[in-house]
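What the coordinates show
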Amino acid sequence: MSTTHTAPEPLGPGPAGRVARAVAGARRRRLDWVLVGTVLALTGIGALLLAAATYEPGHPESPLAYLERHLLHVAVAVAVGAAVAFVDHRKPRAYAPVVFALSAVLLALVLSPLGQVVNGSRSWVALGPVQLQPSEFAKGALVLMIAVLLGEPRDGETAPTSRDVLFSLAALAVPLGLVMLQPDLGTGMVVGTTYLAMLALSGAPLRWILALLGCGAAAGFSVWWFGLLKSYQLARFTSFLDPSADPRGTGYNATQAMNAVGSGGISGSGLFQGQLTAGRFVPEQHTDFIFTVAGEELGFVGGIAVIGLLALMLLRILRIAAGCEQPYGRLVCVGVAAWFAFQSFINIGMTLGITPITGIPLPFVSYGGSATIANMAAVGLVLGVNARDRGFE
């Protein structure tokens, strides 16, 4: 008995064919499911903490209006992250200059009449009914651009040259300068730290790294010496050193944050049971101070769980970086890891009184549409780097 084997029909150009090709491409890629699960777990915990922080029975829209908007942001963010993860790995690299230019335009719009001032910083732009925080997207755009400039040595070179470093510094100056004009010192610190981490691990000449560290120290001293900080920025640093110096102003935020975290004890008061959280004693507890909700309502155990998940996420990203064969992919992972690590340290640290209050959200946990989408897109970039081929040929 003979058996006739028929060749599979080619995938057509229609919607069904495109879906089939996308699924086939996804199967060829190797997702890091531990990283995916960790990010989703952090997002889920963030949604619970947000619900506890913003629950308002008499709200005109809904008692959980913030949570409902946040879940919409998460849905969009997951879709964006998945699209970035499954797209051909050459496309983000090829379009890096375009993405970088668009992010710069958005940052410039913040300084135009379209910009909106929130908490003393002009960080938002209104495009019709949509409000964006361009500095969040600028972080990912910078990671892509620096990875291209430092991760693709010219023929005959094995590491970035001084010329490459100069080009990368020019690229850094664009978002950093526009962010500092807002002014947004916290985001400026994130951008600068991310760049330094990528430069240090790119193989660039050591003299550049030492020179930049020296310039950074000199710039910080000059800002302090000549009194260039805004009054609210100076107050934040003063309250960090001595919260009692302004007990009803910036010192109040730091004191109430530490009180909330400390009141949770080992196991916490339980979700929706925190007195300080329910009384809104901690300002911005759904964004910058979301960790105080974890400390009060989930206690030491819950706080350690959040920190553990953040640490696991960073370890998985660095594991992917260590397995990259090409400098570009490795630098993308390093940039994303540095971005998330620095933000997490500063955000959690300011609730514990060990870092100044700078208004930086906690990745995947804090409320915020722009930050959530930008963070998910960054994870998508890392997952794309972890494609099965790993060689970016």
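This text follows the structure it describes.
Reference entry: report on the structure contained in this document. (Residues numbered from 1 in each chain as written. Predicted model: local features only at pLDDT ≥ 70, side-chain atom pairs only at ≥ 80, totals over all residues. Heavy atoms only, no water.)

**Let's talk about the overall build of the protein**
- Looking only at helices and strands, one finds 15 helices and three strands in the protein.
- Summarising the internal contacts of the protein: among those between residues at least 6 apart in sequence, 70% fall at separations of at least 24.
- Put simply, the protein shows about 18800 Å² of open surface, and 67% of that area lies on carbon and sulfur atoms. (Helix = DSSP H or I, 4+ residues; strand = E, 2+ residues; numbered from the N terminus. Contact = heavy atoms within 4.5 Å. Areas by Shrake-Rupley, 256 points an atom, 1.4 Å probe, with all protein chains shown as cover.)

**Brief notes about the nonpolar core**
- By size, the foremost hydrophobic cluster in this structure holds 69 residues, and its most contacted members are Leu35, Leu42, Met313, Ile317, Phe340, Leu362 and Phe364.
- Among all residues touching isoleucine 317, those that are not within four sequence positions of it are Leu35, Cys333, Val336, Ala337, Phe340 and Val382.
- Ala254, Ala257, Phe289 and Ile357 belong to the second largest nonpolar core, which has eight residues in total. (Core = buried A, V, L, I, M, F, W, Y, C linked by side-chain atoms within 4.5 Å. Buried < 20%, exposed > 50% of the residue type's maximum accessible area, 1.4 Å probe, protein only.)

**Considerations on the packing of helix H2 (residues 33–54) against helix H13 (residues 290–322)**
- At a closest axis distance of 9 Å, the pairing of H2 and H13 adopts a crossing angle of 160 degrees. Between H2 and H13, the angle is such that the two are roughly antiparallel. As H2 packs across H13, the resulting crossing turns out to be left-handed.
- Across the contact of H2 with H13, the residue classes break down as 21 nonpolar, one polar and two charged. (Axes fitted to C-alpha atoms, helices over the stretch in contact; angles between N-to-C directions. Parallel < 35°, antiparallel > 145°, perpendicular 65-115°, else oblique. Left-handed = near helix turned anticlockwise from the far one by under 90°. Nonpolar A, V, L, I, M, F, W, Y, C, P; charged D, E, K, R; others polar.)

**Digging into the packing of aromatic side chains**
- Taken as a whole and judged by the stated rule, the model has four aromatic pairs.
- Ring centres 5.4 Å apart and planes at 75 degrees place the aromatic pair tyrosine 66 and tyrosine 367 in the edge-to-face group. Remark: tyrosine 367 occurs in the loop between helix H14 (327–352) and helix H15 (369–385) and tyrosine 66 occurs in helix H3 (residues 65–86); sequence separation between them is 301 residues.
- Of the residues examined, tyrosine 66 reaches a relative accessible area of 27% and is grouped as partly exposed.
- Judged by its relative accessible area of 16%, tyrosine 367 is buried.
- Site record: aromatic cluster; members linked through ring pairs are Trp339, Phe340 and Phe364.
- Residue placement shows arginine 69 over the ring face of tyrosine 66; its charged tip is 4.9 Å from the ring centre. (Phe/Tyr/Trp six-rings, centres within 6.5 Å; stacked < 30°, edge-to-face > 60°. Lys NZ or Arg CZ within 6 Å of the ring centre and 35° of its normal.)

**Side note on the side chain of aspartate 32**
- Residue position: aspartate 32 is located in the loop between helix H1 (15–28) and H2.
- Within the structure, the side chain of aspartate 32 is placed 3.2 Å from the side chain of arginine 316, a separation counted as a polar contact.
- Setting aside residues up to four positions removed in sequence, aspartate 32 forms contacts with Arg316, Arg319, Ile320, Leu383 and Asn386. (Polar contact = N/O pair within 3.5 Å; in protein donor to acceptor, adjacent residues only side chain to side chain.)

**Brief notes about empty space enclosed by the protein**
- Counting across every chain of the model gives one cavity of 30 Å³ or more.
- The calculated volume of the largest cavity comes to roughly 70 Å³.
- Along its surface, the largest cavity is lined by 10 residues, and His89, Pro92, Leu381, Gly384 and Val385 are the ones closest to its centre.
- Contributions of two or more residues to the lining of the largest cavity are made by H14 and H15.
- In terms of residues, the lining of the largest cavity owes the most to one element, H15, which gives four residues.
- The class makeup of the residues in the lining of the largest cavity is seven nonpolar, three polar and no charged. (1 Å grid on protein atoms, 1.4 Å probe; cavity = no way out; pocket = protein on both sides within 12 Å on 5 of 7 lines; lining within 4 Å. Points joined across faces, edges and corners; volume = space filled by probe spheres on them.)

**Quick notes on the environment of threonine 372**
- Structurally, threonine 372 can be placed in helix H15.
- Residues threonine 372 and valine 74 lie 298 residues apart in sequence; the distance between their C-alpha atoms is 6.6 Å.
- Setting aside residues up to four positions removed in sequence, threonine 372 forms contacts with His70, His73, Val74, Ala77 and Ser366.
- Within the local environment of threonine 372, its side chain forms a polar contact with the backbone oxygen of glycine 368, the two atoms lying 2.6 Å apart.

**Some details on the pattern of salt bridges**
- Considering all chains together, one arrives at two salt bridges under this definition.
- Arginine 316 serves as the salt-bridge partner of aspartate 32, at 3.2 Å between the closest nitrogen and oxygen. Taken as a pair, aspartate 32 in the loop between H1 and H2 and arginine 316 in helix H13 lie far apart in primary sequence, 284 residues in all. Across this residue pair, the class does not change: aspartate 32 and arginine 316 are buried.
- Where lysine 139 meets glutamate 136, a salt bridge forms, and the shortest distance between an N and an O atom there is 3.1 Å. With lysine 139 and glutamate 136 both in helix H6 (residues 134–151) and three residues apart, the pair spans about one turn of that helix.
- Taking the relative accessible area as the measure of exposure, lysine 139 reaches 4% and is therefore buried. (Salt bridge = Lys/Arg side-chain N within 4 Å of Asp/Glu carboxyl O.)

**Looking at a nonpolar patch on the surface**
- On the surface, Ile266, Phe300, Val301, Ile304 and Ile307 cluster together to form a nonpolar patch covering roughly 490 Å² of accessible area.
- Mapped onto the elements of the fold, isoleucine 307 is located in helix H13.
- On the accessibility criterion, isoleucine 307 (34% relative accessible area) is partly exposed. (Patch = residues over 30% accessible without salt bridge, like charges linked within 9 Å, V, L, I, M, F, W, Y side chains within 5 Å.)

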